[in-house]
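# Examination of the molecular architecture
So you can see what is in the structure, the chains are spelled out below.
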Amino acid sequence: MTIAPGTLTAPSVTPAPSGVAATARGGWWGVVGSTVNAVFGYLLVTLVTRALGAQGSGAVFTGVAVFTILSNTCKLGADTGLVRFVSRDMATDGGHRVGALLRSALVPGAAASTAAAALLLLSPSTATSLLPTLTPDEAVTLIRLFALFLPVATVTLILLGGTQGYGTVVPFVGVEQVVKPVLRVLIAVPVTLLAPGVLNLAAAWLVPTPAGAVIAWAALRRCRRASPGHPSGTGTAAGRTDAVRRGFWAYAAPRAVSAVFDISSVWVGVILLSCLATSEEAGIYTAVSRVIVAATLLQLAVRLAFAPEISRLLAVDESDQASRLHRISTRWIVLFSWPLFVLLASFPGTVLSLFGPEFVSGADALVVLCVASAINVGVGNAQTVLLMAGKSSWHLGATAIAFAVQVAVGILAVPRYGVLGAALSWGAAIVVENLMAAVLVRRHPGFTTVDRGYLAATTVGLFLTAVLVISTRFLTGDTEIGLAVGIALGIGVVGVSLHRLPAVLGACDLIDAFRKRVA
């Protein structure tokens, strides 16, 4: 999923792809990474849930939830800041101040994550509160194990943000979507066969973290060598560098807070269930949420390539091209994601039964989250537009309100409805956040989402697919045969539509990018 924003300095150099073409080419890498991530993430959840059951897997994934929330909190928004500021500096000034930006981003993130790890190591009461179903010794050991790897994970995310700023998402895809998921499964398989246990499987999840950090560091170093820029001098240049640093943290500070809300919204349901209900329900909800996250990986794939391109286009005042990129990328997301949510919502029991028979009770929760996530993909990457346009405070407002809604609904609904209550709280947050983002994007001059292509993608991806798949559900029930027929029908509808309406659906750019990538 490689894109290369920047300016050309020699006529003999082949122009780097930009705009829609760059996002399309990058999207292919993202699709590959998302597919690998989804497959191996599913395998890992299946291994853990079948080895430990719902209660044991709930304890492991509660630790994963705490770890993920803290690592994304401690990066302080620096990764998103690097995506925006490095890409802008490369487009407008040849990358002169990238080194200063990297130092400004890494030092606070490393310090914050080290402090958070120390607090976890020295606070056993936190562990016993989060994991009441484990013995005190097991709970403390599990949380301390996650704490040891926290600084490394945080620094890795910041380094990968820097590589994205250079216009390539291959390092991010390689580390977060390929290397870590694959290694986790490869390690977890012998662990489940020889020594299954909560602590051992948690360690299997954590062990690939240092490898990811090494790869991220090497990739960033390679990016800098390929586009080294020139260090700023003294006087005015140094003053401009200081101004960039101040602007960086003025932007990153609101993003730091909104990132906490973003990642917490994914995992807070697990924590609420662990504290207010049972670890068994936390394990079931984890399986449901993993299915939903896997279903939205296409949106993430497009977003990774989309973000630096939007930032670059806005930096050089090409707002019309930026708006066009937003509209076309939204068509891609809608066309390919909505049929998947229709399938999941129509056959939730069959999908969840793959984790084990006790997970079928999460079927209603999966339906609720499918409906909410359909709204999420329906607005495209509106939140990324806000961030890359410098509106991190607007994004913070939307995420804060959505998270408040999620916590309020969760506290009320989880004790009464369990897994369904956690799904209702997250679904409400998804709807609120994305509708607010869509409204705020319209305030940015020239940015619209709905056009002829969007309506065509909606007709194909949602309405036509829903008619065929839901009819199949009524005829066959929530069965494996019904799911297989629904998948075939969905692929057929999308395939025929792409063949008949390639230009309207924005498929021409995808096909062209794929052909050039293969060549």
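Above this note sits the structure.
First things first, this report covers the structure right here in the doc. It should be emphasised that the depicted structure is a prediction, and the values quoted were computed from it without experimental measurement. (Residues numbered from 1 in each chain as written. Predicted model: local features only at pLDDT ≥ 70, side-chain atom pairs only at ≥ 80, totals over all residues. Heavy atoms only, no water.)

### Quick word on the environment of Ala 372
As a reminder, the rule being used: A helix here means a DSSP run of H or I that spans at least four residues, while a strand means a run of E at least two residues long, and both kinds are numbered starting from the N terminus. Buried residues are those whose accessible area, probed at 1.4 Å on protein chains only, stays under 20% of the maximum for their type, while exposed residues exceed 50% and partly exposed ones sit between those limits. Residues count as neighbours in contact if any of their non-hydrogen atoms are within 4.5 Å of one another.
Note on placement: Ala 372 falls in helix 14 (residues 363–378). For Ala 372, a relative accessible area of 4% corresponds to the buried category. Separated by 55 residues in sequence, Ala 372 and Gly 427 have C-alpha atoms that sit 5.1 Å apart. Ignoring anything within four residues of it in the chain, the contact list for Ala 372 reads Gly 427, Ile 430 and Val 431.

### What about helix 14?
Note the threshold: Any helix carries an expected span of 1.5 Å times its number of residues minus one.
An ideal rise of 1.5 Å per residue puts 22 Å on 16 residues; helix 14 measures up with 23 Å between its terminal C-alpha atoms. If you check which residues of helix 14 are buried, you get Ala 363, Ala 365, Leu 366, Leu 369, Cys 370, Ala 372, Ser 373, Ala 374, Asn 376, Val 377 and Gly 378. Positive backbone phi, approximately 70°, marks Gly 380, located one or two places after helix 14.

### Describing the packing of aromatic side chains
Aromatic ring pairs are defined here through the distance separating the ring centres and the angle between the ring planes. Heads up, the condition is: Pairing of aromatic rings covers Phe, Tyr and Trp, the last through its six-membered ring, and needs centres within 6.5 Å; plane angles under 30 degrees mean stacked, over 60 mean edge-to-face, and all others mean tilted. Counting as a charge over the ring demands two things of the Lys NZ or Arg CZ atom: a distance within 6 Å of the ring centre and an angle within 35 degrees of the ring normal.
In the structure shown here, the tally under the stated rule is eight aromatic pairs. Between Phe 85 and Phe 248, the aromatic rings sit 5.5 Å apart at their centres with planes inclined by 65°, giving edge-to-face as the arrangement. Here the residue Phe 85 occupies a position in helix 2 (residues 78–93), and Phe 248 occupies one in helix 9 (residues 236–276), the gap between them amounting to 163 residues. Residue classification places Phe 248 among the buried residues on the basis of a relative accessible area of 0%. Taken together, a centroid distance of 5.2 Å and an interplanar angle of 85° make the contact between Phe 248 and Trp 249 edge-to-face. Of the aromatic side chains, those joined through ring pairs into one cluster are Phe 85, Phe 248, Trp 249 and Tyr 251. Across the ring face of Trp 394, the terminal group of Lys 391 is positioned such that the distance to the ring centre comes to 4.8 Å.

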